Amino acid sequence: MNPAPSDFEDLRVEDVSRHFGRRRAVSHVTFHAPRGSIVGLLGPNGAGKSTILSMLATLLRPSTGRILYGQCDSVVHGAALRGSIGVLGHDLFLYPELTARENLEFFAGLYALKQPGASADAALERAGLAHRAADPVSSFSRGMRQRVALERALIHDPRLLLLDEPFTGLDESSAARLLARLDSLRKQGTIVVLATHDLDLAEGLFDRAIFLRDGRMASAADRPASLRAMYREVMTHAHAAAAQGTEG
Amino acid sequence: MPKWFVPLAVVCAVMFAVSPVLIANAPYESTMGLVQKIFYVHLPSAWVFLLGAIVCGIASARFLFKGDPRQDRLAWAAAELVVVFGIITLVTGPLWARKAWGVWWQWDVRLTSSLMGWMVSVAYLLLRQFGGPGSEKLAAGLALFGMANVPFIYISVNYWRTIHPTTSVVPTLPTSFGLPLWFSAIAFLLLFVLLLRMRVRLEEQRATLDTLYLSADA
Amino acid sequence: MFTRIVWLVLRKDLMVEIRSLEIAYTTIFFAVSCVLVFAFALVQEGRAPTDGAAGILWIAIAFSGTLALGRTFERERQAETLKALLLAPAARPAIYVGKLLGIIGLMAVTEIVLVPLVSLFFQAPFFTRPLWLAAVLLSGTIGFAAVGTLFAAMLVRARTRDVLLPVLLYPITVPVIIAGVRATAALLQPDLDAGIIQFWVALLVCFDVVFVTLALWTFEPVMTD
């Protein structure tokens, strides 16, 4: 028999494309992420990062190509896989009127955890916000909300964590905290896929960095030494290619 | 285009050319007079209007649960024809009603249900036009709801109030009235099939073009 | 499992609403404004039109219900929380039922204010048969909300959702409006004809059953890309 869909050892993206009508949002993207690795999707706005994350989250289907979670295809096992995927969206997915604790408890219940209350307490502890548990999320700063949102995404201890622009609006200490948390997840064996355009904060974080431009993989490298240098190179190549294109 | 298209188009054109003669030669109905002749257009367009709505509903349901884009294109084409034949029905109806009932509009069951069905198909087109990406699924859901709604609209409007010549009139019409009517109905049916095929083909070509565009881009 | 998710979603919606009361207040006030507009348009020489009360009540219910639907899903859209709900491994029809019950609750609260108000302004004896009135209002509200919740949920992704919601919703809910108005008008007659009300309530219940079933069935395919 097939193993349980939730217990996958790696994530494989095989030649995945996604188009909306005539617009190609993502085009022939391929990568592999074993357990305990952090993959970075880098590129300017509109490069297709969010579309890839939506496909990894099983919210969108690839137009061509396939995504494999261990042995399982996302199209076939979509619903069963959702229980082992955590998503931190750009819009944080929190109800501003509810308190931090109520938010966490609600999602713990939705993910069918045995003790939603205890899970919520543990998550608040990890976010370092146990003392603000009873305050509505709307009264939190961006950094605090982000911490709650990250623990919300992790409340069911997912095998795969997807982060969309997690550094936006964070001050240095919050960003450092996020980086430390990601590092601990890596040690636990979580697969992390992170989309960002902030190269400085992400420096040294990735086991694999993928640069996207217009939905295509412009460049990819394992444990890149300098993201900036790589980015510059990608952009110069792209410009040169564009210039050649107009000449020819 | 399939092989049958051109011959059928010719047949359809000839039928539409001949039908005015048939209608003109049909006997003069004693009580209604000249205005009765509008039935040769009104009834066939109403039947085709209904047929289009059924095609749209079934194709939408199949698209929603099977995800076949061909069904979606069929539903879209049918919905546009429903709007067109719906307008013909809803314009010719009151023209007759003015003479028969003395008013342009009556809240009778079939008139009102037709209007509601027409409204749903216009809403369907609006949704496809302005709904943004992913609206084809939503439109299919709407069409399915619209189809399930038909009996409810019919029953509710029927009990609300009714005065319409009953369906049983048609088969009992003398042949001299019936022949031009059936002739005209077949002409309308052919027109519907031809337009539907053409509209589906347009969407097919658009889809092919999209695919070509995407493969050239890759 | 199913009922647990329904309860979670419903409780969450109630909690959010009780904290802010935004939708309840604005919807009720909007409904009251609607009734006033109709009063100014229809009351002549200080006299309310006979039989107008039933129609005005249901128009106010439909309009304020549309507003409540739009606002409820706008709230789920703001922090993309509807996406978070869809990302959870919970049964999606259960999420639909949870939202539906929340909307029905909101509409019921509005009706509790509306019915006495219309009764007062238009001299309509609504409360002579309270049980029949409750049956008509409940079955009508369920039908309207069942279709509305599905449409509002699927329109969350569309840019033009504010205008498309009524455009799609009203043609489909015509039977609810007709049945609701006719049954309520029958209630207002001095000598009650139970048969007429029974017929309309039966029609409304059938509508509810068909459309709730259909919505449960289509919610999953409509919400997945």
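Criteria and cut-off values
Residues numbered from 1 in each chain as written. Chains lettered and ligands numbered in written order. Predicted model: local features only at pLDDT ≥ 70, side-chain atom pairs only at ≥ 80, totals over all residues. Heavy atoms only, no water. Core = buried A, V, L, I, M, F, W, Y, C linked by side-chain atoms within 4.5 Å. Buried < 20%, exposed > 50% of the residue type's maximum accessible area, 1.4 Å probe, protein only. Domains from an automatic or database assignment. Contact = heavy atoms within 4.5 Å. Helix = DSSP H or I, 4+ residues; strand = E, 2+ residues; numbered from the N terminus. Buried area = accessible area lost by both parts, 1.4 Å probe. Salt bridge = Lys/Arg side-chain N within 4 Å of Asp/Glu carboxyl O. Polar contact = N/O pair within 3.5 Å; in protein donor to acceptor, adjacent residues only side chain to side chain.

Trainee: Talk me through the nonpolar core; I want residue IDs and the actual numbers.
Mentor: With 161 residues, the main nonpolar core has A:Leu11, A:Leu56 and C:Phe151 as its most contacted residues. Counting only domains with at least three residues in this core, you end up with domain 1 (8-84 + 160-168 + 179-248) and domain 2 (91-157) of chain A. If near-sequence neighbours (up to four positions away) are discounted, A:Leu56 is found in contact with A:Leu11, A:Val13, A:Phe31, A:Ile67, A:Tyr69, A:Ile85, A:Leu160, A:Leu162 and A:Val193. The next biggest cluster of nonpolar side chains, apart from the first, holds 44 residues, and it includes A:Leu92, A:Leu150, A:Leu163 and A:Leu227.

Trainee: Quick one: what's the story with unusual backbone geometry, residue by residue and with numbers?
Mentor: Of note in this structure, A:Ala112 is not a glycine but carries a positive phi near 60°. Structurally, A:Ala112 is set in the loop between α3 (100-110) and α4 (116-127). Despite not being glycine, C:Gln123 shows a phi value in the positive range, around 50°. Assignment of secondary structure puts C:Gln123 in the loop between α5 (92-121) and α6 (130-154). Owing to a relative accessible area of 56%, C:Gln123 belongs among the exposed residues under this scheme.

Trainee: Please give an account of the domain arrangement of chain A that cites residues and values.
Mentor: Size of an interface: often given as the accessible area lost when the parts come together. Residues and elements named next belong to chain A. The domain architecture assigned to chain A consists of domain 1 (8-84 + 160-168 + 179-248) and domain 2 (91-157). Once you take the C-alpha centre of each, domain 1 and domain 2 turn out to be 27 Å apart. When the two sides are added together, the surface that domain 1 and domain 2 hide from each other amounts to roughly 710 Å², 55% of it contributed by carbon and sulfur. Three residues stand out in domain 1 for area buried against domain 2, namely Leu161, Thr168 and Arg181, and they jointly supply 52% of the buried area on that side. For Glu151, the salt bridge is made with Arg181, and the minimal N-O distance between the two is 2.7 Å. Our count for the contact surface shared by domain 1 and domain 2 stands at three residue pairs in polar contact (both at pLDDT 80 or more). Breaking the side of domain 1 that touches domain 2 down by element, the ones donating at least two residues are β7 (160-164) and α6 (172-188).

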